[in-house]
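Single-letter residue listing:
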Amino acid sequence: MEQRLDIYATAPDGYKAMLGLETYIARSGLDHTIVELVKMRASQINGCAFCLDMHSADAIKHGESARRLHVLPAWREVSWFNERERAALAWTESLTLVAQTQAPDADYEAVRKVFSDKEIADLTLLIVTINGWNRLSVGLRKQPPALNAS
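The structure presented is a predicted model; accordingly, all values stated were derived computationally and were not measured.

## Some thoughts on the environment of Glu83
Secondary-structure assignment places Glu83 in helix α6 (residues 83–96). Glu83 sits in the partly exposed class, given a relative accessible area of 44%. Note: C-alpha distance between Glu83 and Gly139 (56 residues apart in sequence) is 33 Å. Here Glu83 is in contact with Lys113 and Val114, once residues within four sequence places are set aside.

Printed below as a string of structure tokens:
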């Protein structure tokens with residue numbers, strides 16, 4: 001698949017605005033593990049190869065286990081994720097699939113139980129941001145770096 005256009009070269013101010021959200025999220029204080037799990041789960045749902053490649057490497061670099069990443073699409077079926085991670089993953093799925101889910105009260109209440117209002121706002125901004133990146137990358141066919149031939 002060939003990249004359709006380079007968003008960074010074509011709309012640099014828009015790209016900088018997206019980076020502003022990333023900077024805000026990085027400074028928000030959200031747990032890095034939760035940030036990477038959310039980015040991975042949204043990217044799985046959206047089928048974003050570029051983001052999956054980048055965020056799986058980032059997650060592993062920051063101590064996430066390959067096993068948890070492998071079972072992330074079935075996170076509800078295992079006990080390997082704590083209550084905060086589970087609430088964040090459910091909220092991620094709800095907002096990523098918002099046209100189908102309408103962000104159910106049960107998912108919001110699960111998040112409210114374990115996150116402060118500020119954390120919920122930051123988590124929601126994180127989900128919005130990764131979904132934005134996914135849509136840019138999938139829509140414009142952004143490709144991950146080539147695999148090494150070795």
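Moving on from the coordinates now.
## Focus on the packing of aromatic side chains
Under the counting rule described, the total for this entry stands at three aromatic pairs. Between Tyr8 and Tyr15, the aromatic rings sit 4.3 Å apart at their centres with planes inclined by 75°, giving edge-to-face as the arrangement. Exposure remark for Tyr8: the relative accessible area of 26% places this residue in the partly exposed category. Owing to a relative accessible area of 25%, Tyr15 belongs among the partly exposed residues under this scheme. Taking the centre distance of 5.8 Å and the plane angle of 70° together, the rings of Tyr15 and Trp133 count as edge-to-face. Here Trp133 lies in helix α9 (residues 117–139) and Tyr15 lies in helix α2 (residues 12–27), a separation of 118 residues in the sequence. By relative accessible area, which is 11% here, Trp133 ends up buried. Of the aromatic side chains, those joined through ring pairs into one cluster are Tyr8, Tyr15 and Trp133. The ring of Phe115 carries the charged tip of Arg84 above its face, separated from the ring centre by 4.1 Å.

## A few points about the UniProt feature "domain: Carboxymuconolactone decarboxylase-like" (unreviewed entry) in the protein chain
Those residues carrying the UniProt feature "domain: Carboxymuconolactone decarboxylase-like" (unreviewed entry) are residues 12–93 in this numbering. As a span, residues 12–93 carries 74% helix and 0% strand, and end to end its C-alpha atoms are 30 Å apart.

## Considering α6
A rise of 1.5 Å per residue sets the reference length of α6, with its 14 residues, at 20 Å; its end C-alpha atoms lie 20 Å apart and thus fit the reference within 8%. For α6, the buried fraction is high: 11 of the 14 residues fall into the buried class. Inspection of α6 places Glu85, Ala87, Ala88, Leu89, Ala90, Trp91, Thr92, Glu93, Ser94, Leu95 and Thr96 among the buried residues, and these make up the whole buried set. Packing partners of the buried residues in α6 comprise α3 (32–46), α5 (66–71), α7 (98–101), α8 (105–114) and α9.

Rules used throughout
Residues numbered from 1 in each chain as written. Predicted model: local features only at pLDDT ≥ 70, side-chain atom pairs only at ≥ 80, totals over all residues. Heavy atoms only, no water. Helix = DSSP H or I, 4+ residues; strand = E, 2+ residues; numbered from the N terminus. Buried < 20%, exposed > 50% of the residue type's maximum accessible area, 1.4 Å probe, protein only. Contact = heavy atoms within 4.5 Å. Phe/Tyr/Trp six-rings, centres within 6.5 Å; stacked < 30°, edge-to-face > 60°. Lys NZ or Arg CZ within 6 Å of the ring centre and 35° of its normal. UniProt positions renumbered as here; feature names shortened; annotations may be inferred. Expected span 1.5 Å × (residues − 1).

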